[in-house]
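One letter stands for each residue in the lines below.
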Amino acid sequence: MAVCALLLFAFVIYIQIRVLAPFNKMSSYPEKLSKGEITNKLPENKNKYFGKFIWGINMLSDKLSGDKKRINKLMQERQVMLTTIAHGIKTPVANIKLYASAIETGLYQKDGVPDEDDAVVAAKIDKNADDITSLVKEMMETTATGMVDFQPSIRKFYITEISEYINQEDSNRFKMLHIPYVLNCQTEAMIDTDKSGIIRIISQILDNAIKYGDGKGVDITIEKQEEGFFFSIKNKGQLISEKEIPYVFNSFWRGSNAELIEGSGIGMFEAKRIARMLGGDIYAKRYVDSSEMEFVLYIP
């Protein structure tokens, strides 16, 4: 009986170490992947119980990444088409309004006195032109909003959960790429916002820091001030020019330092949109003396 008990105990320990612990570690990955919180793959291992599962999940990750690239390309083509249409409509509508104003004020009358019937018709033409302008504006705004698949789910959580997430999910990627990073979380306060949204924004900024940085290091600082919470990510690398800063968060825009780097130009646009949905914002700064770029996420 003692031998059986020892064997049973050893078997339970084996199951805990080889099956349950690895499964618990991986169980949240599909959910994070579906929310866009994470972009790096599950690390390969020789565990015979999960090798095929990890391979399948990484294939799914590649499929989702490929689908997202195709969707972004289609969205870009759609936005270009709508922008072209909008700009094409703008000029003739403006001319129509000018003609309507001229008729309403009697400009085309020989005596310069407005005809009452013509003035009524001109006012209706002017109103319809304004309606067209509003519809075009609404169409453009709807297109931009529809590009970001995110619905905020506000709840309270400790800010340290964000730093723990970075240490758990991104530290391995930094180690594999031999990029040193420093994470300085200066507060343990509670924040009331969407955790998944914050993670999506930070993950996107970290992706950019890795892609466009020089690999010498990434500094992450989380702090609480009177106005709210600030998440700062700073890295060294090739700087974009000062005149490009206002365009960093535009959809499908890519900087002069991205010519040879794969990307769609939609990531920072999404990050900005999500930050705005959460009542906050993102700012970009450049430091010429130290050749550093800094992105600061602010959440009130």
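Everything numeric in this text was worked out from a predicted model, so none of it was measured.

1. Considering the pairing of strand 3 (residues 190-193)
Right, so step 1: Of the two faces of strand 3, only the one carrying Ile 191 and Thr 193 is buried; Met 190 and Asp 192 on the other face are not.
Right, so step 2: Both strand 1 (residues 155-158) and strand 3 contribute to a ladder of four bridges, which runs antiparallel. Bridging from a neighbouring strand, Phe 157 pairs with Ile 191 of strand 3.

2. Some points on the sheet that holds strand 5 (residues 229-237)
Within a sheet, each strand pairs with its neighbour through backbone hydrogen bonds, oriented either parallel or antiparallel.
Right, so step 1: Pairing in this open sheet of five strands is mixed, and the strands run 2-4-5-7-6 from one edge to the other. Edge strands, defined here as strands with exactly one partner in the open sheet, are strand 2 (181-185) and strand 6 (281-287). Shown here is a sheet whose adjacent strand axes are inclined to one another by a mean of 15°, direction ignored.
Right, so step 2: The pairing of strand 5 with strand 7 (residues 292-299) spans eight bridges and is classified as antiparallel. Its bridge partner lying in strand 7, Ile 233 is registered against Phe 295.
Right, so step 3: In this fold helix 8 (residues 267-277) packs onto strand 6 and strand 7, with an angle of close to 130° to the strand it touches most, strand 6.

3. A few points about helix 8
Side chains that are three or four residues apart share a direction in an α-helix, a result of its 3.6 residues per turn.
Right, so step 1: For helix 8, a buried count of eight out of eleven residues is recorded, marking the element as mostly surrounded by other parts of the structure.
Right, so step 2: Of all the positions in helix 8, only Gly 267, Met 268, Phe 269, Glu 270, Ala 271, Lys 272, Ile 274 and Ala 275 are classed as buried.
Right, so step 3: Of the residues one or two after helix 8, Gly 279 is the one with positive phi, at around 85°.

The rules behind these values
Residues numbered from 1 in each chain as written. Predicted model: local features only at pLDDT ≥ 70, side-chain atom pairs only at ≥ 80, totals over all residues. Heavy atoms only, no water. Buried < 20%, exposed > 50% of the residue type's maximum accessible area, 1.4 Å probe, protein only. Helix = DSSP H or I, 4+ residues; strand = E, 2+ residues; numbered from the N terminus. Pairing = 2+ DSSP bridges. Axes fitted to C-alpha atoms, helices over the stretch in contact; angles between N-to-C directions. Contact = heavy atoms within 4.5 Å.

By themselves these figures say nothing about function.
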